[in-house]
Structure formats: structure tokens, C-alpha cells
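Examining the three-dimensional arrangement
Residues per chain are reported as follows:
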Amino acid sequence: MSYKVLSLMVVAALAVVAMAVPAAAADGVTGTYMESRTCQVYTGPCFANAETALAGREALMAWNIESGKHNNIDLAGLSVVVAIRGNDTLAYQGVDDPKELKAAIIVDAKASAAQKEALVAFAKEHAGRAGREVVRVDAAPITMSLDSVELNGELKAGEIARIKTRKAKPGDCICSNEVQFYPPLAKINRFAAGVAIEAEFKGHGLGATWSTPESRSVYMGEFNYRSAGEELAGSE
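As a starting point, this report considers the structure included with it. (Residues numbered from 1 in each chain as written. Predicted model: local features only at pLDDT ≥ 70, side-chain atom pairs only at ≥ 80, totals over all residues. Heavy atoms only, no water.)

1. Examining the environment of V218
- Within the secondary structure, V218 sits in strand 15 (residues 215-227).
- Judged by relative accessible area, which is 0%, V218 ranks as buried.
- In this structure, the C-alpha to C-alpha distance between V218 and V195, residues 23 residues apart in sequence, is 5.9 Å. (Helix = DSSP H or I, 4+ residues; strand = E, 2+ residues; numbered from the N terminus. Buried < 20%, exposed > 50% of the residue type's maximum accessible area, 1.4 Å probe, protein only.)

2. Regarding the side chain of S215
- Within the secondary structure layout, S215 lies in strand 15.
- With residues up to four places along the chain from it excluded, the contact list for S215 reads Q40, G194, V195 and A196. (Contact = heavy atoms within 4.5 Å.)

3. Brief notes about the packing of aromatic side chains
- The full count for this structure, using the stated rule, is seven aromatic pairs.
- Ring geometry for W63 against F122: centres 5.9 Å apart, planes inclined by 90°, an arrangement best described as edge-to-face. Of this pair, W63 sits in strand 3 (residues 58-67) while F122 sits in helix 3 (residues 113-126), and the two are 59 residues apart along the sequence. Across this residue pair, the class does not change: W63 and F122 are buried.
- Ring centres of F122 and F223 lie 6.0 Å apart, and the angle between their planes is 50°; this geometry places the pair in the tilted category. In this pair, F122 sits in helix 3 while F223 sits in strand 15, placing the two residues 101 residues apart along the sequence. Just as F122 is buried, F223 falls in that class too. (Phe/Tyr/Trp six-rings, centres within 6.5 Å; stacked < 30°, edge-to-face > 60°.)

Have a look at this one:
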């Protein structure tokens, strides 16, 4: 068995263990998370350095809330997406890297007016600096699913945004130095990197649209926020 294949099998096995579902906290907000970047996040230093300042300025962050409340509003069964565009690569410091940053929020169309307001507040709080740079809010039908064992998932936010993911395969390992190079943009409890079969944003407000299919550019994970602004101990 080649070194590349063995290395990737080890990474995949560790990822499955790392994605084990954490115990839910009382009064917490729990669910699954997906993220897509326009640069590779499962990669080696040579590839990452070649993309620096040229790619990775855009991202999608998506939360599917399985249980819990925000601002005392029940958000179970709802999703929210944040699209981000900066003037530089979202790198080691994530949304704090670019000098200029804009964000657009997509809330679940099936939410009530109060729930939409709470979803916007939730997204602003957990998207870090991007939550303070929101220029547009839209509503769209959102479906999101994630299999944290098989490491595949799918997000569809109307005709605005889409992510479809899969687990990395031996053929995705190019230089044998691949690691989870950049951290996820959100604070989440467990996560693993994967490949975007599809990843696109066709919305308005950010001055650009993008599509990055077949790119090692996604994170899949789980979140468990104890209360507004407070993540459980042990989060990555």
C-alpha cells in the first residue's frame, strides 16, 4: 500500500472519530455546520502559499439548528447561511485577515418573522467579524443535511447558494503533506475537512459570485453552543 493511500486512510479514520457527536448541553443550541472556501483547506504548504492573496477571499458558512433557542426564540429545524467576501485570503485568522470584508445572510424562508430575526442575530454572533459587516439579508428555502460518519453533506439555499460535499479519497492526496491547513471560520466542536463536489454563490450584495467544484475546500462539523456567545469546553 502506498504512503499516500495509507496517510489518507489514517486521516479519514481520525476524522470519523473526531466527528463523534458531543453530548448536548441543557439550554444549548446544537446542530451541524458546513463551510466552503474558495481556496483549498485540506492541502500542503506549497499549494496554500501559491493561493495566498490570489484565492480564498470568499466563503460560505452554514448552520443547521437541530435544537435550541437564541434570544429565547426556538430555532429547531431551521438553517441560516452567511456568504463572505474579503479583499484578501481568509487564512489563519479567518474573517479577521482581510482589511475589507462584506457579508450577506440567507435565512430560512419557513421561519416566522421572530425566528428570522433570531436567525440573523445567531448568524451575526457566530460568524465573528463577518457578523458586523452584513450588507444584505435574504430569505430562501434552505435544506441542509450532513452525515458525520460518512462525511458527506448537502446544502441548498434557494438559487442563491449550494454546497455538496464528500469525504476525501486517496486520489485527492497530491503531495502527501496535506493537513487541515486553515482552521474553520466558525468555532465548532468537531470537524473534518473534505472535498466540495459543488460549492457556489449566486447572490447579490457582495459584488461577486463564485463556483469552486471538485476542490478540497470544505469543512463539515457539529456545533454545541451553551448560550449566546459561549461555546462548550472542548470546541476546536
